[in-house]
Amino acid sequence: MPAVSKGDGMRGLAVFISDIRNCKSKEAEIKRINKELANIRSKFKGDKALDGYSKKKYVCKLLFIFLLGHDIDFGHMEAVNLLSSNKYTEKQIGYLFISVLVNSNSELIRLINNAIKNDLSSRNPTFMCLALHCIANVGSREMAEAFAGEIPRILVAGDTMDSVKQSAALCLLRLYKTSPDLVLMGEWTSRVVHLLNDQHMGVVTAAISLITCLSQKNPDEFKTCVSLAVSRLSRIVSSASTDLQDYTYYFVPAPWLSCKLLRLLQCYPPPEDGAVKGRLVECLETILNKAQEPPKSKKVQHSNAKNAILFEAISLIIHYDSEPNLLVRACNQLGQFLQHRETNLRYLALESMCTLASSEFSHEAVKTHIETVINALKTERDVSVRQRAADLLYAMCDRSNAKQIVAEMLSYLETADYSIREEMVLKVAILAEKYAVDYSWYVDTILNLIRIAGDYVSEEVWYRVIQIVINRDDVQGYAAKTVFEALQAPACHENMVKVGGYILGEFGNLIAGDPRSSPLVQFNLLHSKFHLCSVPTRALLLSAYIKFINLFPETKSTIQEVLRSDSQIRNSDVELQQRAVEYLKLSSIASTDVLATVLEEMPPFPERESSILAKLKKKKGPGAVSVNELEEGKREGGELNGGGERGGDSSSTPSPSADLLGLRAGPPVTAAAPSAGSLLVDVFSEAGVNDDGFLSEFSRFVCKNNGVLFENQLLQIGIKSEYRQNLGRMYLFYGNKTSVQFVTFTTTLNVQAKPVEPLIEGGAQVQQVINIECLTDFSDAPLLNIKFRYGGALQNLTLKLPVTINKFFQPTEMASHDFFQRWKQLSLPQQEAQKIFKANHAMDTEVLKAKLLGLGMALLENVDPNPENFVCAGVIQTKAQQVGSLLRLEPNAQAQMYRLTVRSSKDTVSKRLCELLAEQF
Amino acid sequence: MIGGLFIYNHKGEVLISRVYRDDIGRNAVDAFRVNVIHARQQVRSPVTNIARTSFFHVKRSNIWLAAVTKQNVNAAMVFEFLYKMCDVMTAYFGKISEENIKNNFVLIYELLDEILDFGYPQNSETGALKTFITQQGIKSQHHTKEEQSQITSQVTGQIGWRREGIKYRRNELFLDVLESVNLLMSPQGQVLSAHVSGRVVMKSYLSGMPECKFGMNDKIVIDKQGKGGTTDDSGKSELGGSGKQSIAIDDCTFHQCVRLSKFDSERSISFIPPDGEYELMRYRTTKDIILPFRVIPLVREVGRTKLEVKVVIKSNFKPSLLAQKIEVRIPTPLNTSGVQVICMKGKAKYKASENAIVWKIKRMAGMKESQISAEIELLPTNDKKKWARPPISMNFEVPFAPSGLKVRYLKVFEPKLNYSDHDVIKWVRYIGRSGIYETRC
């Protein structure tokens, strides 16, 4: 680049700037600027043409004034004129003015584009660079429209200078970020990828930023970059620090480039090619080895550069998650950093370890550092580092060290920063629940938690304790005892009172034998807290009192006295007043039997996903411990909540306090089903979901012939079918929902089918006809396999064709006595199949009729003595034989149940029909 | 109740900081600097509320005076106090400038201690203050013991603004009527708003404890007297063009020496004057204002690059009177690239730093007119914004009161000493100045 010679210094500009800086007040500054503006206006207006130097000077002054915060509404034309100058400094100032001041909708944009075009096509590298910088600095859509085609050509042209290539790559990256639709790499792709092989390190560094960005959008097209990147990386890593000369930074060879390469590799799965993979592993090992070497320099830049590469390498190792050896080494390396002097390093080490902990290979290795991490939690000065330490502890926790970790976290909680306390509480609660082997430990932990950080214990946490205590018989007595003891503290948190009230109300009888915790003592203890509590807690306590009356009749008079007092029965709070009045009446009017029924012990809670987990998920931003991992752990520990005890009748006894634990989710039965389902979704991979949906689609076709068989983002498959006797014809319609064509579209059926068009245009539909003949009775549906290419990816689909035995029914009409005669004929036990099942859908007579008709049999009216029942008859036509079938469906509206009986001449048919139908109602 | 008082220079550095109440912390000083003096947008409101603390500020040249309070105080009172404070400082050391404040900062703290007590304003009468706050040590030596003992009785007594035993060889009295006239006129010559705010400033050198009575052509008084049959002596004055008899005063305030009870009951202004200079009253009128000048603008845009401006000014008062220091300011568009001016009288110049043509005339008699014409060349810009055409403003000074106020009498009675009203030499002067005197174009 040409150096600015002395003659180029603009004296006028310097004087102007120093004048402005010397201004005493704002007013003075404005005056000076106004004067200068008037001067420039008169100069620009002047008839005699200005020379390049003064133009440059005035444009510079305008730019300075603009940057001081004043509006500039002239001088653009002069700046554009500067662009066509041949002097570097003048051109530079022109471009500077334009990239700062010209907005994209200016009329001058055409002139500017023209000037840029000229510079781009000039052979002068500095001018080309200036133009490219201007494009990138403006970076507008218009710029992209004008130059998106030009720049890739410059980038890959053989005769372009290195520095220009560098600028072109970065300029293209900028344009791609603003308007990705305009930058189409298409034909340039492979040549851009090959820039990774460029001699010039600067070009490689610039190109790799571009490639990383592009490959994130369409990884397939840039797949080839992996092997190139690996070889480049290995060359850098294995080179001696002196080899790269200019690109060696404090004895580290090309640190920026290495980091970028490692980051690019993180966009892709581990390379499949063994040789490439071996080379990469070698590189990673070398990087890990180098970290062990003594530093070549004491300068902080040296260690920074080295560590940057190391951390990038570790995140690549974590990303691959397939090399146990490397993972463990990375973990050990990070372990060393845990005790490093640099706070930043400790922070990064903790953060990376969090992700390492979730890998099955390195989990154990991470666990070895538990002492260090605990120490960090206690002694670290910086709160953010402490937070990371807490995260890591949480992530590394498993059954073996749960007790230690929970204890440590609890002890830390006492001194923890307020900002992270709630999160810590949730984590402790989750860990305690997840890894509880011994429930008394769990109860102790949670009560401790409430004692230490009561304010931060959210509703969900104490709800959960109660759910667990109620669901587990073995801890109830212990819980009652512990709670009782905890409540004896002179000052205890309101949450503690809530838990105490609830548990004593339910299980106070279990400890009543001890004279130290006799009923009256229990009651007095609870009531001593009553006045210090808020309204909802008081309401809960009132419920506990009425339960006491049931549990311990001897306390009745005392409690009635309390309920009768003015402070309860005339309480200003409606809820409390109502409870007091109702409980008082209930206790005085109802007999002991009624009381015992009404105030029965709470039934076990239905199993559901821990609400605490949901809360933590909501609280946690990115960078948290992966929740999926927890989810999996949760499944392991699922038996904890006594999964088998899911009671369907849990809603049958509405207790006054049930609403407190209704958890805002409606009646427990309905809440249980969806939440269990969502757990399934969380746990299984997406494929499972797909499969699930497809199954239900299949069963829908038992009673109907036309409809949509399958649908996802790409493809929709419609179906139309007709059957006569033992023959059927099925039309399959494949609709392409995207705008891109599917190529090599093939379908294979395990029965023979006509081939289908191999190409489906975007948005188009093709049809396939399948002829079906029923040879003999069957139970498995034919499978249809669909393969096609969408974009680059091969898509594979397997669907069950909705061809079921009932499709070949011929309806048979018959009178009542004929029916019963035949019914009796088919009386062999294997000929009958019977099922009793719960209704899946509403019991609507019309819907049922329609479904039965869709089945293909004849629906016989006035046959069964009970008009509620449905009776059908039909013959299944197969090539080999005909199978007569009779069907009887008895709905029971009260119980929402059906009894389905099918009798047919062939036992397999009865069974199959029964299975098919049972899913329908 | 003012919690504290700060004085800053133009950079926001604190020159004086006096905190009167505990509720104002030290950070209040910085809060004002950050949020007002160094604010990104210029703060135009004189009252700023930052974190439940109110800041009242006035600016004198480059100096900021800010009063701070956490309470709900009477804002008018605070500003009155700040203005008074400025007056006091001016009376003590002249112009309020950074240098003067730095040189007199002991004095300022002493003054602040005296005129504010726990945030409550006290006696701020310069004349009285000067008797006991004397930084010029020499002066205090002139006071005899007797005089010094009198200070206490004066300051604590009923007439705090005048001490006893003043003697002059010549009893003399100066009275100035100072008015500023404000106007906004439409291009067609229609008055959109006009008012006059005036002050009566006196300088009295009278012996003893004289009782004065001031009379002017207040409409209420004249009407009352008209009923009583006494004719007014307006023939004495020969001011103004309209020669109208009386003026309607919209509102007025008086110096503390004026007996308000008497004004309320009889509408007569009687008082025992302080010694030296003071402002007797302030008033405002909005009706029947004599506009000393009429500005007739004519602006023509010739294409996109040229503007022709012609402005005529007409003086509208008695031909025998002379207006002085006339200055007409014609704003120019922001894209002006060149100006040619021709004027018949005075000097005109394009001032780029102020974006205006400034036309100055030294003197102009009444009932005359003068004209300026200018050609303004414009630079075409890509901004489609139209020029907002700010109004043409004017400055001048005339030797009469545009409100029409006339002094009818000022009588002095001193029963104890033997001089009568006729022995007092009285001087009366009228000065009318322009306030914001603008005509749209």
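Residues numbered from 1 in each chain as written. Chains lettered and ligands numbered in written order. Predicted model: local features only at pLDDT ≥ 70, side-chain atom pairs only at ≥ 80, totals over all residues. Heavy atoms only, no water.

Selection criterion: UniProt positions are given in the numbering used here, feature names are shortened, and annotations may be inferred rather than shown by experiment.
For chain B, an unreviewed UniProt entry supplies the name Adaptor related protein complex 2 subunit mu 1b and the organism Cyprinus carpio carpio. Under Subunit (unreviewed entry), UniProt gives the following word-for-word description of chain B: "Adaptor protein complex 2 (AP-2) is a heterotetramer composed of two large adaptins (alpha-type subunit and beta-type subunit), a medium adaptin (mu-type subunit) and a small adaptin (sigma-type subunit)."

An unreviewed UniProt entry annotates chain A as AP-2 complex subunit alpha of Cyprinus carpio carpio. Turning to chain A, the UniProt annotation filed under Subunit (unreviewed entry) states: "Adaptor protein complex 2 (AP-2) is a heterotetramer composed of two large adaptins (alpha-type subunit AP2A1 or AP2A2 and beta-type subunit AP2B1), a medium adaptin (mu-type subunit AP2M1) and a small adaptin (sigma-type subunit AP2S1)." The UniProt entry for chain A carries this comment under Sequence similarities (unreviewed entry): "Belongs to the adaptor complexes large subunit family."

**Structural notes on the overall build of chain B**
To be explicit about the condition: Only runs of H or I of at least four residues qualify as helices and only runs of E of at least two qualify as strands under DSSP, and these elements are numbered from the N terminus. Note on classification: 1.4 Å probe, protein chains only; a residue is buried when its accessible area is under 20% of the maximum for its type, exposed when over 50%, partly exposed between these limits. The contact criterion used throughout is that any non-hydrogen atoms of two residues lie within 4.5 Å. To be clear on the numbers: accessible area is Shrake-Rupley with a 1.4 Å probe, and residue cover counts the displayed protein chains and nothing else.
Looking only at helices and strands, chain B has nine helices and 23 strands in total. Burial analysis of chain B (441 residues in total) assigns 46% to the buried set. A separation threshold of at least 6 residues defines the contact pool for chain B, and within that pool the share at least 24 residues apart is 71%. As displayed, chain B has an accessible area near 22,900 Å², and 50% of this comes from carbon and sulfur atoms.

**Quick word on the packing of aromatic side chains**
In plain terms, the rule: Only Phe, Tyr and Trp rings take part, Trp by its six-membered ring, and two of them pair if their centres are within 6.5 Å. Stacked means planes under 30 degrees apart, edge-to-face means over 60, and tilted covers everything else.
Across all of its chains, the model carries 26 aromatic pairs over all chains by this definition. Pairing Phe548(A) with Phe552(A) gives two aromatic rings, centres 5.4 Å apart and planes at 85°, and the pair type is edge-to-face. Consider the rings of Phe174(B) and Tyr205(B), whose centres lie 6.4 Å apart with planes at 85°: the pair is edge-to-face. With a gap of 31 residues between them, Phe174(B) in strand E8 (residues 172-185) and Tyr205(B) in strand E9 (residues 191-205) connect regions that are remote in the sequence. Relative accessible area serves as the criterion here: at 29%, Phe174(B) is assigned to the partly exposed category. The partly exposed category is assigned to Tyr205(B), whose relative accessible area is 27%.

**Here we look at the interface of chain A and chain B**
Put simply, the rule reads: Buried area: the accessible surface (1.4 Å probe) lost by two parts on joining, summed over both. Here, a salt bridge means any side-chain nitrogen of Lys or Arg that lies within 4 Å of a carboxyl oxygen of Asp or Glu. All amino acids are sorted into three groups, where Ala, Val, Leu, Ile, Met, Phe, Trp, Tyr, Cys and Pro are nonpolar, Asp, Glu, Lys and Arg are charged, and the leftover types, Gly among them, are polar.
Residue-level contacts link 18 residues of chain A with 21 residues of chain B. When the buried area of chain A at its contact with chain B is split by residue, Arg41(A), Lys45(A) and Asp73(A) rank highest and sum to 40% of it. Where chain A meets chain B, there are one salt bridge. The partner of Lys31(A) in a salt bridge is Glu354(B), with the nearest N and O atoms 3.9 Å apart. Of all the elements, helix H2 (residues 26-45) of chain A adds the most residues to the side of chain A that touches chain B, at 10 residues. Partitioning the side of chain A that touches chain B into residue classes produces five nonpolar, four polar and nine charged.

**Describing the packing of H2(A) against helix H3 (residues 52-67) of chain A**
Residue and element names in this part refer to chain A. Operational definition: A fitted line through C-alpha atoms serves as each axis, taken over the contacting stretch for helices, and the angle formed by two N-to-C directions is quoted from 0 to 180°. In this scheme the handedness of a crossing depends on how the near helix is turned from the far one: anticlockwise by less than a right angle means left-handed, clockwise means right-handed.
Interaxial distance between H2 and H3 falls to 11 Å at its minimum, and their mutual angle equals 145°. The hand of the H2/H3 crossing is left-handed. Mapping the contact onto sequence places Ile33, Glu36, Leu37, Asn39, Ile40, Lys43 and Phe44 in H2 and Tyr58, Lys61, Leu62 and Ile65 in H3. Considering only residue class, the contact of H2 with H3 consists of seven nonpolar, one polar and three charged.

**Focus on the nonpolar core**
Stated formally: Here, the term nonpolar core denotes a set of buried Ala, Val, Leu, Ile, Met, Phe, Trp, Tyr and Cys residues that are joined through side-chain atoms within 4.5 Å.
Among the nonpolar cores identified, the biggest contains 199 residues, and Ile116(A) and Leu449(A) are the most heavily contacted of them. If we skip the residues at most four places from it in the chain, Ile116(A) touches Tyr95(A), Ala131(A), Cys134(A), Ile135(A), Met143(A) and Phe147(A).

**A closer look at the sheet that holds strand E20 (residues 369-378) of chain B**
The line we're drawing: For two strands to count as paired, DSSP must find a minimum of two bridges between them.
Pairing is antiparallel across the open sheet formed by four strands, whose spatial order is E14-E15-E20-E17 (chain B). Looking at which strands have only one partner, the edges of the open sheet turn out to be strand E14 (293-302) and strand E17 (336-343) of chain B. In this sheet, neighbouring strand axes are inclined to one another by 15° on average, regardless of whether the strands run parallel or antiparallel. Pairing of E17(B) with E20(B), which is carried by seven bridges, proceeds in the antiparallel orientation. Bridge pairing links Cys343(B) to Ile372(B) in E20(B). Of the strands in this sheet, E17 and E20 of chain B touch H2(A), which is tilted by about 95° from E17(B).

**As for the pattern of salt bridges**
On inspection of all chains with the given rule, the structure shows 43 salt bridges over all chains. A salt bridge links Glu832(A) to Arg903(A), with the shortest nitrogen-to-oxygen separation between them at 2.8 Å. With Glu832(A) in strand E11 (residues 832-838) and Arg903(A) in strand E15 (residues 897-904), the pair connects residues that are 71 residues apart, well separated along the chain. The class for Glu832(A) is partly exposed, based on a relative accessible area of 29%. Looking at Arg903(A), the relative accessible area reads 13%, which means it is buried. With a shortest N-O distance of 2.7 Å, Arg267(B) and Asp218(B) are connected by a salt bridge. Of the two residues, Arg267(B) sits in the loop between helix H9 (260-266) and strand E12 (269-271) while Asp218(B) sits in the loop between strand E10 (211-216) and helix H8 (219-228), which places them 49 residues apart along the sequence. For Arg267(B), a relative accessible area of 22% corresponds to the partly exposed category. You can call Asp218(B) buried: its relative accessible area is 4%. Within the structure, one salt-bridge network assembled from shared partners comprises Asp19(A), Arg32(A), Glu36(A) and Lys61(A).

**Looking at helix H5 (residues 88-101) of chain A**
Residues spaced three or four apart along an α-helix face the same direction, because each turn holds 3.6 residues. All names here are of chain A. We count it as follows: Multiplying 1.5 Å by the helix residue count minus one yields the expected span of that helix.
Under the 1.5 Å per step criterion, the end-to-end length of H5 is 20 Å for 14 residues, consistent within 8% with the ideal 20 Å. Tyr88, Thr89, Glu90, Lys91, Ile93, Gly94, Tyr95, Phe97, Ile98 and Leu101 are the residues of H5 that are buried. Against H3, helix H4 (76-83), helix H6 (109-121) and helix H7 (125-138) lie the buried residues of H5.

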